[in-house]
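Descriptive analysis of the structure
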Amino acid sequence: MGETAALRVRTVRRYTFQQGTDELEDLRVCIPEVLDSQYGMHVWPSAVVLAQYVWFHREILAEKRILEVKLGAGVSLPGVVAAKCGADVTLSDSAELPECLENCRRSCQMNNLQGVKVFGFTWGDISPELLTLPPVDIILGSDVFYEPEDFEDILSTVSFLLEKNPSAEFWTSYQVRSADWSIEDLLHKWDMKCVHIPLKSFGAESATLAGSDLPGRHTVQMIVLTASHSSVTPM
């Protein structure tokens, strides 16, 4: 059997973000996944929560410039939702995982999104792609705080982006995996401030969300990071 047939099972998850009582105004998106232990190309609970936060703020996203950053997920649910809400979206993932970048493109194709840019980068590396990146208003990242050894590389990169874009915000959700993990000291080191967003404030407290039971009983947190000197008030 070929590598694809032997190792990979492809599937598609469907999500419905509700407008209210009018189903015609609901947002439906499809996300391709690759069920393979060697890759992370599937939707995690935190991504659904972040996508809900994006959807909750959909009315202010039109023409906003948004960058979604990931750690090898390659599915782009929050970024796809932002693009469907009219934002100018750029998707990124690990430069070392071309399979993830290709799946980002597949997500865009499946949701009829044209003109969404996709590029690879490495956390902690100020690459030419980051140096030449156009201005951004919002940075999205779900479950990027996964391995503690990556936390400083992540926050150094986010700090660079916030310095380059002083009015920008980093919207990020993460699943609590250990009470011993903290980014508080690193936030101080990289001169950032953090606001915790209660899930109930944007309709994400339920175990089911967007037609999915992925949030389940997992403990997911939503935070917004900004530069310490920024006068921006998180939405």
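You'll find the structure just up there.
Residues numbered from 1 in each chain as written. Predicted model: local features only at pLDDT ≥ 70, side-chain atom pairs only at ≥ 80, totals over all residues. Heavy atoms only, no water.

Regarding the pattern of salt bridges
Within the structure shown, the criterion is met by 6 salt bridges. Where Arg-177 meets Asp-143, a salt bridge forms, and the shortest distance between an N and an O atom there is 2.8 Å. Residue Arg-177 is found in the loop between β7 (169-175) and α7 (184-189), and its partner Asp-143 is found in the loop between β6 (138-142) and α6 (151-164); the two are separated by 34 residues along the sequence. (Salt bridge = Lys/Arg side-chain N within 4 Å of Asp/Glu carboxyl O. Helix = DSSP H or I, 4+ residues; strand = E, 2+ residues; numbered from the N terminus.)

Some remarks on the environment of Asp-137
Its place among the elements puts Asp-137 in the loop between α5 (128-131) and β6. Among the residues examined, Asp-137 registers a relative accessible area of 17% and is labelled buried. Discounting chain neighbours no more than four positions away, the residues touching Asp-137 are Lys-64, Arg-65, Ser-167, Ala-168 and Glu-169. (Buried < 20%, exposed > 50% of the residue type's maximum accessible area, 1.4 Å probe, protein only. Contact = heavy atoms within 4.5 Å.)

Quick look at the layout of surface pockets
Space inside the largest pocket adds up to approximately 340 Å³. Around the largest pocket, the lining is made up of 22 residues, and of these Gly-40, Trp-44, Leu-71, Gly-72 and Ala-73 lie nearest the centre. Here the residues of the lining of the largest pocket sort into 11 nonpolar, 6 polar and 5 charged. Estimates place the volume of the second largest pocket at around 260 Å³. Along the lines of polarity and charge, the residues of the lining of the second largest pocket split into 9 nonpolar, 4 polar and 2 charged. (1 Å grid on protein atoms, 1.4 Å probe; cavity = no way out; pocket = protein on both sides within 12 Å on 5 of 7 lines; lining within 4 Å. Points joined across faces, edges and corners; volume = space filled by probe spheres on them. Nonpolar A, V, L, I, M, F, W, Y, C, P; charged D, E, K, R; others polar.)

Topic: unusual backbone geometry
Positive phi outside glycine occurs at Ser-76, with the angle close to 65 degrees. Following the sequence through the fold, Ser-76 ends up in the loop between β3 (65-68) and α3 (77-84). Of the residues examined, Ser-76 reaches a relative accessible area of 1% and is grouped as buried. Unusually for a residue other than glycine, Asn-112 sits at a positive phi of about 55 degrees. Topologically, Asn-112 is positioned in the loop between α4 (98-110) and β5 (117-121). Owing to a relative accessible area of 64%, Asn-112 belongs among the exposed residues under this scheme.

Notes on α3
In terms of burial, α3 is largely enclosed, as 7 of its 8 residues are buried. Listed in full, the buried residues belonging to α3 are Leu-77, Pro-78, Gly-79, Val-80, Val-81, Ala-82 and Ala-83. Looking one or two residues beyond α3, the residue adopting positive phi is Gly-86, at roughly 100 degrees.

Notes on the environment of Val-12
Mapped onto the secondary structure, Val-12 falls in strand β1 (residues 9-17). Given the relative accessible area of 29%, Val-12 is considered partly exposed. Here the alpha-carbon distance between Val-12 and His-42, two residues 30 residues apart in the chain, equals 9.4 Å. Residue contacts for Val-12: discarding those within four places in its chain leaves Cys-30, Ile-31, Pro-32 and Met-110.

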